[in-house]
There are 2 protein chains.
Amino acid sequence: MLRKNPSFLSYIERLYDAMPRKEDIVMKTFRKGELLFAQGQDPIKVFIVKEGVTKCYFSEDNGKEYILEFLSEGEILGELEALRTIPCLCNVAAVSDVQAYALNLPFFKGMLEKDLHLNHMLLNALAERIINTSSRSSSQQLYTIGHGLSKILELQERQEISISKEDMAAYLGVTLRSLNRALKDLD
Amino acid sequence: MLRKNPSFLSYIERLYDAMPRKEDIVMKTFRKGELLFAQGQDPIKVFIVKEGVTKCYFSEDNGKEYILEFLSEGEILGELEALRTIPCLCNVAAVSDVQAYALNLPFFKGMLEKDLHLNHMLLNALAERIINTSSRSSSQQLYTIGHGLSKILELQERQEISISKEDMAAYLGVTLRSLNRALKDLD
DNA sequence: TTTGTTGCGGGACAAATGTCCTTTTAATTT
DNA sequence: AAATTAAAAGGACATTTGTCCCGCAACAAA
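Residues numbered from 1 in each chain as written. Chains lettered and ligands numbered in written order. Predicted model: local features only at pLDDT ≥ 70, side-chain atom pairs only at ≥ 80, totals over all residues. Heavy atoms only, no water.

## Quick look at the protein's contact with DNA strand D
Right, so step 1: If you check the shell around DNA strand D, you find 13 residues, and the closest are A:Thr175, A:Ser178, A:Arg181, B:Lys165 and B:Lys184.
Right, so step 2: Sugar plus phosphate, as a fraction of atoms of DNA strand D within 4 Å of the protein: 53%.
Right, so step 3: In this structure, a phosphate oxygen belonging to DNA strand D sits 2.8 Å away from a side-chain N or O atom of A:Thr175.
Right, so step 4: A:Ser178 has a polar side-chain atom sitting 2.3 Å from a phosphate oxygen of DNA strand D.
Right, so step 5: Mapped onto the surface near DNA strand D, the elements with two or more residues apiece are α7 (176-185) of chain A together with α7 (176-185) of chain B.
Right, so step 6: By residue number, the principal contributor to the surface near DNA strand D is α7(B), which donates 4 residues. (Near = heavy atom within 4 Å. Polar contact = N/O pair within 3.5 Å; in protein donor to acceptor, adjacent residues only side chain to side chain. Helix = DSSP H or I, 4+ residues; strand = E, 2+ residues; numbered from the N terminus.)

So this is what it looks like as structure tokens:
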């Protein structure tokens, strides 16, 4: 659930250091809670997280939220929108303070045209996300809360990340109340 | 929900016609009900649907099924597995009689190495799938059955496809019983 | 200390969905 | 037509999840 992509990170770092015109890639920082993308708005950059944790989530019309992923070091943000030229699919917020490389859209698209290696890394990253998203979707639909819950708890144990109860609930796609019940039922 | 990809189809047809060694791309047919891929098994080909409708679904340990997508003309199958070199993520079955181009894995991977255009088409196809899968997942988690149901019914109206009640339920991630209730509540 | 104020947990009830099983209807075979 | 099988519909009850709301503990402001 906490995604990272080391190969993307080293790729972008190499690129950044070698950049002639630093305007095309700039470093940006976000305070905990700030939005990197707002659902429905036109994106202006593609980000690659250098440090910190972000959450990527839908805000539905009924006021509820669904967290797709927690994205951390090396993960790319806004690539779907850049590829398809569409407004932001969902919100992305900084869960901790975040530092990220920001690529100009034309620059990113230009790279896509000439860099086969970038294409391959992106293909692999997207494939990975489909695998995660779809298998999680399936098990959330077909199993009861407790099932998915235990997986999150494992990760919390491993100190990988510490997320608020509210975010845990949003990740599971349930109410806080239901999450509490499920937690109590575990023992 | 019934996905098609005309640009992929014309791409592969051009490729097929121009093929020197026809062994690398062969035409395969599947009877209604046959499996193109079996979840967990190693894939041997990448398919591109020429004609007919397939369903792509998970079989969970509790015996339930969740349909990810209905894939039709021009959609590619097995590309995730080829990219990541993993066993089949889910089952793919022919919903009607199906005809598909079957590409050898080494051939497909070879193409990925040299054909930038293929890379771009794939990137776009994967992006599209993430968009669909994740937004559907969110709304299925956060809304009640009736919401998603009305969308399916629209498509049935437009004669796009006629799917069994059982498949509709599996697509919504609910029981047949619940689907029937939701249908009755609609009017 | 007192007074909010905020976050978290949980009780009580309502709504949604699942399970099991029977009935009904439609299609197919003999 | 009769018999058989398959697909669809739904009744009755159990389980899961949501909604609403209250109380308690922690903490900050007065």
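## Quick notes on the sheet that holds strand β5 (residues 54-59) of chain B
Within a beta sheet, neighbouring strands are joined by backbone hydrogen bonds and run either parallel or antiparallel to one another.
All names here are of chain B.
Right, so step 1: Strand order in this open sheet of 5 strands is β1-β6-β5-β8-β3, and the pairing throughout is mixed. On the outer flanks of this sheet lie β1 (2-3) and β3 (35-37), each paired with one strand and no other.
Right, so step 2: Taken together, the 2 bridges between β3 and strand β8 (residues 91-94) define a ladder with antiparallel strand orientation. From the neighbouring strand, Phe37 faces β8, where its bridge partner is Val92.
Right, so step 3: Against the sheet, helix α6 (residues 165-172) engages β5 and β6 (65-71), with an angle of about 100 degrees to β6. (Pairing = 2+ DSSP bridges. Contact = heavy atoms within 4.5 Å. Axes fitted to C-alpha atoms, helices over the stretch in contact; angles between N-to-C directions.)

## As for the relation of the copies chain A and chain B
Right, so step 1: Note on the copies: chain A fits chain B at an RMSD of 0.0 Å, the axial shift is 0.0 Å, and the rotation between them is 180 degrees. Such values leave the two copies arranged in the relation of a two-fold axis.
Right, so step 2: A symmetric contact is evident, with 100% of the interface residues of chain A recurring at the interface of chain B. (Least-squares fit on C-alpha atoms with pLDDT ≥ 70 in both.)

## Topic: the environment of A:Met27
Residues and elements named next belong to chain A.
Right, so step 1: Within the fold, Met27 resides in strand β2 (residues 25-30).
Right, so step 2: Sequence separation of Met27 and Phe47 is 20 residues, and the distance between their C-alpha atoms is 9.3 Å.
Right, so step 3: Once residues lying within four places of it in the same chain are set aside, the contact partners of Met27 are Lys50, Gln99, Ala100 and Tyr101.

## Section: the interface of chain A and chain B
Right, so step 1: Listed per partner, the contact involves 39 residues of chain A and 39 residues of chain B.
Right, so step 2: The junction of chain A with chain B conceals about 3700 Å² of combined surface from both sides, 64% of it contributed by carbon and sulfur atoms.
Right, so step 3: When the area that chain A buries against chain B is broken down by residue, the three leading residues are A:Leu123, A:Gln141 and A:Leu142, summing to 18%.
Right, so step 4: In this assembly, chain A and chain B are joined by 2 salt bridges.
Right, so step 5: Between chain A and chain B we count 19 residue pairs in polar contact (both at pLDDT 80 or more) in total.
Right, so step 6: For the side of chain A that touches chain B, the secondary-structure elements that each account for two or more residues are β6 (65-71), α2 (79-84), α3 (105-114) and α4 (116-142) of chain A. (Buried area = accessible area lost by both parts, 1.4 Å probe. Salt bridge = Lys/Arg side-chain N within 4 Å of Asp/Glu carboxyl O.)

## Some points on the protein's contact with DNA strand C
Right, so step 1: Looking at DNA strand C, there are 13 residues lining it, with A:Arg177, A:Lys184, B:Thr175, B:Ser178 and B:Arg181 nearest.
Right, so step 2: For DNA strand C, the fraction of protein-proximal atoms (within 4 Å) that sit in sugar or phosphate groups is 57%.
Right, so step 3: Note that a phosphate oxygen of DNA strand C is positioned 2.9 Å from one of the side-chain N or O atoms of B:Thr144.
Right, so step 4: Between DNA strand C and the protein, one listed contact pairs a base nitrogen with a side-chain N or O atom of B:Arg181 at 2.7 Å.
Right, so step 5: Breaking the surface near DNA strand C down by element, the ones donating at least two residues are α7 of chain A together with α7 of chain B.
Right, so step 6: The biggest single contributor to the surface near DNA strand C is α7(A), with 4 residues.
Right, so step 7: For the surface near DNA strand C, the class distribution of residues is 2 nonpolar, 4 polar and 7 charged. (Nonpolar A, V, L, I, M, F, W, Y, C, P; charged D, E, K, R; others polar.)

## Here's the deal with the UniProt feature "domain: Cyclic nucleotide-binding" (unreviewed entry) in chain A
Right, so step 1: When the UniProt feature table is mapped onto this chain, "domain: Cyclic nucleotide-binding" (unreviewed entry) is found at residues 28-129 of chain A.
Right, so step 2: As annotated, residues 28-129 of chain A has a helix share of 29% and a strand share of 38%, and its two end C-alpha atoms lie 24 Å apart. (UniProt positions renumbered as here; feature names shortened; annotations may be inferred.)

## Comments concerning the confidence of the model for chain A
Right, so step 1: The predicted model of chain A has a mean per-residue pLDDT of 92, with 98% of residues at 70 or higher.
Right, so step 2: Within chain A, strand β7 (residues 76-77) of chain A carries the highest mean pLDDT (98), whereas helix α5 (residues 145-157) of chain A carries the lowest (81). (pLDDT = per-residue confidence, 0-100.)

## Some words on the domain arrangement of chain A
Residues and elements named next belong to chain A.
Right, so step 1: Looking at the assigned domains, one finds that chain A contains domain 1 (2-142) and domain 2 (144-187).
Right, so step 2: The C-alpha centroid of domain 2 is placed 25 Å from the C-alpha centroid of domain 1.
Right, so step 3: With 11 residues of domain 1 at the interface, the matching set in domain 2 holds 9 residues.
Right, so step 4: Of the roughly 960 Å² buried between domain 1 and domain 2, counting both surfaces, carbon and sulfur atoms make up 58%.
Right, so step 5: A per-residue breakdown of the area domain 1 buries against domain 2 is headed by Leu2, Ile67 and Phe70, which together make up 45% of the total. (Domains from an automatic or database assignment.)

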